[in-house]
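Each chain is listed here by its residues.
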Amino acid sequence: SCSAYVVFFSNYPILEDQFFMWNDSTGVSTVVPPDIFFIYILQCGYYVHCVYANIWLDIHRADFWALMLHHVVTLSLISFSYASRYHNGGVIVVFLHDICDIFIEIAKCGRYLLVLGGKTYWLPDFLSTVAFVIFTGLWIWLRMYWFQTKVLMGTAVVSMQFDMDGEFYLIFNFLLLILYGLNCYWFFFIALIVYDVITGAPLSDKREDALVEKMRQEAARRREEKAA
């Protein structure tokens, strides 16, 4: 992702220096670097689309309201951090979350391609499992561990050494805590899938199990009505 480029290939010591998060974050007069501004524009457009898609395009899963809360919180973080020039911290948050999404989408694609034309193929299943294992490791490392040590530590502890009287500072921290709570919530579903993998059960999205079963029952009912 673009955030990975900024983190690893730019001159910003974002991960190495927690004090850098608050450098030049003194108010609206601070100029946001073009590369970070580009990331903010992309993220804002993406999550506006996510709100629309979650309501009108996607299947409403068990975590529908959690997803809506996540998208609203994310858009609020993008807005508040940009308005208050907390963009250095915003890039870290974007990076820690974007990397995981790549591998979960690969895992989903593998599940969708598992059965084609009535035949079952082993390669999509293998790739899906590998991608999910990588996704789980990255989730624990980035969203659970580094989010605490790189983001929350910087916003709640390191920031106390600066004169943080800018706009939205308290709101910014509160929204980050909500985001971390949502990461913990979704980790519960991930843990259930990991248990299935360990016990040899088929890999499935626990958020969709009840919905899939309902759809199967509805399809069976329609077949019976047509047969009658």
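In short, a report on the structure.

1. Description of the pattern of salt bridges
Taken as a whole, this structure holds one salt bridge when the rule is applied. Asp 101 is the partner of Arg 143 in a salt bridge, and the nearest nitrogen-oxygen pair spans 3.1 Å. Of the two residues, Arg 143 is situated in helix H5 (residues 122–156) and Asp 101 in helix H4 (residues 87–112); the sequence distance between them amounts to 42 residues. What makes Asp 101 partly exposed here is its relative accessible area of 26%.

2. Let's talk about empty space enclosed by the protein
For the structure shown, the criterion picks out one cavity of 30 Å³ or more. Here the largest cavity defines a volume of roughly 180 Å³. Every residue lining the largest cavity is counted, 16 residues in all, and those nearest its centre are Thr 74, Ile 78, Gly 90, Val 93 and Val 94. At the level of elements, helix H2 (34–56), helix H3 (64–83), H4 and helix H6 (169–199) are the ones that each hand at least two residues to the lining of the largest cavity. Looking at the lining of the largest cavity residue by residue, the class counts come to nine nonpolar, six polar and one charged.

3. Notes on the packing of aromatic side chains
One pass over the structure, following the stated rule, counts twelve aromatic pairs. On the basis of an interplanar angle of 50° and a centroid distance of 6.1 Å, the ring pair of Phe 37 and Tyr 82 is categorised as tilted. With Phe 37 in helix H2 and Tyr 82 in helix H3, this pair connects stretches of sequence that are 45 residues apart. With relative accessibility at 38%, the residue Phe 37 sits in the partly exposed group. Between Phe 147 and Tyr 180, the aromatic rings sit 5.7 Å apart at their centres with planes inclined by 15°, giving stacked as the arrangement. On the criterion of sequence distance, the pair formed by Phe 147 in helix H5 and Tyr 180 in helix H6 is long-range, its members being 33 residues apart. Pair check on accessibility: Phe 147 and Tyr 180 agree, each one buried. Among the aromatic side chains, those forming a connected cluster through ring pairs are Tyr 185, Trp 186, Phe 188 and Phe 189.

Reading guide: rules and limits
- Residues numbered from 1 in each chain as written.
- Predicted model: local features only at pLDDT ≥ 70, side-chain atom pairs only at ≥ 80, totals over all residues.
- Heavy atoms only, no water.
- Salt bridge = Lys/Arg side-chain N within 4 Å of Asp/Glu carboxyl O.
- Helix = DSSP H or I, 4+ residues; strand = E, 2+ residues; numbered from the N terminus.
- Buried < 20%, exposed > 50% of the residue type's maximum accessible area, 1.4 Å probe, protein only.
- 1 Å grid on protein atoms, 1.4 Å probe; cavity = no way out; pocket = protein on both sides within 12 Å on 5 of 7 lines; lining within 4 Å.
- Points joined across faces, edges and corners; volume = space filled by probe spheres on them.
- Nonpolar A, V, L, I, M, F, W, Y, C, P; charged D, E, K, R; others polar.
- Phe/Tyr/Trp six-rings, centres within 6.5 Å; stacked < 30°, edge-to-face > 60°.

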